[in-house]
Amino acid sequence: MSLPIYDDHLHLSPSGRNIDALREFKAEGGTGLTLVTLPYPEVMISEGDDFERSFDITLDFARRGKELGLKIYTAVGPYPILMMSLAEHVGLERAEAIMMRGMDIAASMVEDGRADLIGEVGRSHFDAPSEIVDACNRVLQHGMDLAHDIGCAVMIHCESEEGTDGNLASMARSSGLDPRMVIKHSSPPWVTPEETHGITPSIPASRKLIREALSKGRNFMMETDFIDDPQRPTSIMAVNTVPKRIKGLFASGELDEEDVYRMCQDMPDSLYGIHSRR
């Protein structure tokens, strides 16, 4: 039986395996993925317009991946950890302005159909000075405003603590954005409405986390956060992890055909497909 198999968070690098990694993903049974931009050493971000050249690298990988027959939704946005390094070099006020410009460029790429969602954006997943967190939240709020205006999803990089999902949902509602259109990357196995406050969890595809999530429901997607680092080829997870996990859970009966189609086709298509130009 041929099933859709979707990895909701995957990175490629110009210095990594990039398209060869996608070939491995497909050979293992993968059919689709969310390709998420990261800062590339090949493009130094020193002003806002630099983001366009960086995002173009991601868009080129997406184009080449689609030529392999994969369904790819592409996420572009100013990676939140950049705020800290930029602030060290140009000051926090200028750093925030650069990140705001990156958010504007990302939204423009979604609006004109080159990309499909804004991401990964947000704030650091570790403790940071309050002024950095506040600046990141202002940039994120601006991104949610833009997402509401153009009708797209936002993929979040941030901490995973009690209250995090509620805070993200509140920010979304203040922008008029449906919290469901906020995707929490690297989410804990929070699935119930009481846990997620309506935002969409994307959960790392470890056996332990996925089985805990499945004990609560099916309203989530799976991800590897594969980072395509040639020095660490399986970090964060190997590129073939989601196909192996889904096939294993299907074979064991822990997922049925309806579950797989929900997680690997219906959810990504409904969240990201508005601006897709496949």
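Okay, so let's go over this structure.

## As for the overall build of the chain
Looking only at helices and strands, one finds 10 helices and 8 strands in the chain. In terms of overall size, the chain behaves like a compact globule, its C-alpha atoms giving a radius of gyration of 18 Å where 278 residues would be expected to give roughly 19 Å. Seen through its principal axes, the chain has C-alpha atoms that stretch 55 × 40 × 35 Å. When contacts within the chain are restricted to residue pairs at least 6 apart in sequence, those whose partners lie at least 24 apart make up 71%. Within the structure as shown, the chain displays about 11400 Å² of accessible surface, and the carbon and sulfur contribution to it stands at 49%. Averaged over its 28 positive side-chain charges, the chain has a centre that lies 6 Å from the centre of its 45 negative ones.

## A short note on the sheet that holds strand E4 (residues 117-122)
Two orientations exist for strands paired in a sheet by backbone hydrogen bonds: parallel and antiparallel. Ordered in space as E1-E2-E3-E4-E5-E6-E7-E8, the 8 strands form an open sheet in which the pairing is parallel. Each edge of the sheet is formed by a strand with only one pairing partner; in this case those strands are strand E1 (6-10) and strand E8 (221-223). Looking at each pair of strands side by side, their axes are set apart by 25° on average, direction ignored. Sheet analysis places E4 next to strand E5 (residues 154-157), joined by 3 bridges and oriented parallel. Opposite isoleucine 118, over in E5, you have valine 154 as the bridge partner. Relative to the sheet, helix H2 (residues 50-67) contacts strand E2 (32-36) and strand E3 (71-76), its axis offset from that of E3 by approximately 175°.

## Comments concerning the packing of helix H5 (residues 130-150) against helix H6 (residues 164-175)
At their nearest, the axes of H5 and H6 sit 8 Å apart, and the two run at 50° to each other. Comparing the axis directions of H5 and H6 gives the class oblique. Read as a crossing pair, H5 and H6 show a hand that is right-handed. Facing H5, whose interface residues are Asn137, Leu140, Gln141, Met144, Asp145 and His148, H6 presents Leu168, Met171, Ala172, Ser174 and Ser175. Of the residues contributing to the contact of H5 with H6, the split by class is 5 nonpolar, 5 polar and 1 charged.

## Topic: a negative patch on the surface
Together, Asp256, Glu257, Glu258 and Asp266 line one region of the surface with negative charge. Summarising the element assignment, aspartate 266 is placed in helix H10 (residues 257-272). Judged by its relative accessible area of 44%, aspartate 266 is partly exposed.

## Here's the deal with the pairing of E2
Counting buried residues in E2 gives 5 out of 5 residues, a clear majority hidden from the surface. Where burial is concerned, the two faces of E2 agree: the one with Gly32, Thr34 and Val36 and the one with Leu33 and Leu35 are both buried. Relative to E2, E1 runs parallel, the two sharing 3 bridges. Along E2, the bridge assignment pairs tyrosine 6 with glycine 32. Regarding topology, helix H1 (residues 19-27) serves as the crossover connection from E1 to the parallel E2, and that connection is right-handed. Summarising the sheet, E2 and E3 pair through 5 bridges and their orientation is parallel. Across the sheet, the residue bridging to valine 36 is alanine 75, located in E3.

Basis of the calculations
- One numbering rule holds for all chains: residues counted from 1, following each sequence as written.
- Whole-chain, interface and lining totals are the exception, using all residues; otherwise, since this is a predicted model, local features are given only for residues with pLDDT of at least 70 and side-chain atom pairs are given and counted only at 80 or more.
- Side-chain figures throughout are based on the complete set of non-hydrogen atoms in the structure, without hydrogens or water.
- Every helix listed is a DSSP run of H or I at least four residues long, and every strand listed is a run of E at least two residues long, numbered separately from the N terminus.
- Taken over C-alpha atoms, the radius of gyration is set against a globule rule of 2.2 Å times the number of residues to the power 0.38.
- What makes two residues a contact is simply this: any of their non-hydrogen atoms within 4.5 Å.
- For the accessible areas, the method is Shrake-Rupley and the probe is 1.4 Å, while residue cover comes only from the protein chains on display.
- Charge assignment in this entry is limited to Lys and Arg as positive and Asp and Glu as negative, and neither His nor the chain termini are counted.
- Charge coordinates come from a single atom per side chain, which is NZ of Lys, CZ of Arg, CG of Asp or CD of Glu.
- We treat two strands as partners when DSSP finds at least two bridges between them.
- In this analysis an axis means a line fitted to C-alpha atoms, helices contributing only their contacting stretch, and an angle means the value between N-to-C directions, from 0 to 180 degrees.
- For classification purposes, angles smaller than 35 degrees are called roughly parallel, those larger than 145 roughly antiparallel, those between 65 and 115 roughly perpendicular, and all remaining angles oblique.
- Left-handed is the label given to a crossing in which the near helix is rotated counterclockwise from the far helix by less than a right angle, and right-handed is the label when the rotation is clockwise.
- Under the convention adopted here, Pro, Cys and the residues Ala, Val, Leu, Ile, Met, Phe, Trp and Tyr are nonpolar, Asp, Glu, Lys and Arg are charged, and Gly plus all remaining residues are polar.
- Patch membership is restricted to residues that have no salt bridge and whose relative accessible area is over 30%. Joining uses 9 Å for like charges and 5 Å for the nonpolar side chains Val, Leu, Ile, Met, Phe, Trp and Tyr.
- Here, a salt bridge means any side-chain nitrogen of Lys or Arg that lies within 4 Å of a carboxyl oxygen of Asp or Glu.
- Think of it in three bands: with a 1.4 Å probe and only protein chains considered, a residue is buried below 20% of the maximum accessible area for its type, exposed above 50%, and partly exposed in between.
- Seen with its strands pointing away from the viewer, a crossover is right-handed if its path from the first strand over the helix to the second goes clockwise.

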